[in-house]
Amino acid sequence: LRIRFVEASPGAGKGPGILDVLEQENRYKIFRMALQDTGLDERLRAGEGPFTVFAPTDEAFSRVPDLARLQGDRHLLHAVLLRHIVWGHLDSKTLWGRDQVAPLNGRQLQLRREHLAVENANLVQPDVVTSSGLVHGIDLVLMAENRSVLRELCDAIEAQARALVRSVAKRAVSAATAVQEPL
């Protein structure tokens, strides 16, 4: 694995975004379709980022024991995909200096420095810079080990609730600042 360190400004704004890069690369078709099936593609497109995305290759998905079940359960798929998206611009140089990162589902992912991996997934295509963040291609799907489907569903619901609260809070602040005092 050859790591190239990049110096890029987070959320540069010009050029292809995360979804554009995933579409240009033929090895991320299943991941891209899963993002669309769960609506997470819209979140990445909405410009809330920058995001760092750990994108499993199609080969990584082919090693998931019950891929059809995962793809058929939108809530479980959503919970699994949230493990692959992290707030911020985290290039390999930044990852190298950390022990863990928090994906959108809030459950910490352990980083392994001996060969720069997230959990047990190796970075096979690190530091793909986009206008909305970074993509790191990985060779495994980040499934939570030894956790029940019920726990994954709870994680998904919790993450959606947090996103809803953030959205409502933003709107409340906007509405409060728009209210004018009578003379």
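Anything mentioned here points back to the structure above.
For the structure given in this document, a descriptive report is provided here. (Residues numbered from 1 in each chain as written. Predicted model: local features only at pLDDT ≥ 70, side-chain atom pairs only at ≥ 80, totals over all residues. Heavy atoms only, no water.)

## Let's talk about unusual backbone geometry
And then number 1: Between Gly49 and the following residue, Pro50, the backbone shows a cis peptide bond with an omega angle of 20°.
And then number 2: Looking at the element boundaries, Pro50 is found in the loop between helix H3 (40-45) and strand S1 (51-56).
And then number 3: Positive phi, normally seen in glycine, also occurs at Leu116, with a value near 45°.
And then number 4: By secondary structure assignment, the location of Leu116 is in the loop between strand S4 (109-112) and strand S5 (117-118).
And then number 5: Judged by relative accessible area, which is 2%, Leu116 ranks as buried.
And then number 6: The residue Asp127 is not glycine, and still its phi comes out positive at about 60°.
And then number 7: Positionally, Asp127 belongs in strand S6 (residues 121-130). (Helix = DSSP H or I, 4+ residues; strand = E, 2+ residues; numbered from the N terminus. Buried < 20%, exposed > 50% of the residue type's maximum accessible area, 1.4 Å probe, protein only.)

## Regarding the sheet that holds strand S3 (residues 100-101)
And then number 1: The seven strands lie next to each other as S2-S1-S7-S6-S5-S4-S3, forming an open sheet whose pairing is mixed. With partners counted over all chains shown, the strands left at the sheet margins are strand S2 (85-87) and S3, one partner each.
And then number 2: Bridging between S3 and S4 involves two bridges; their strand directions are antiparallel. Paired with Val101 across the two strands is Leu109, which belongs to S4. (Pairing = 2+ DSSP bridges.)

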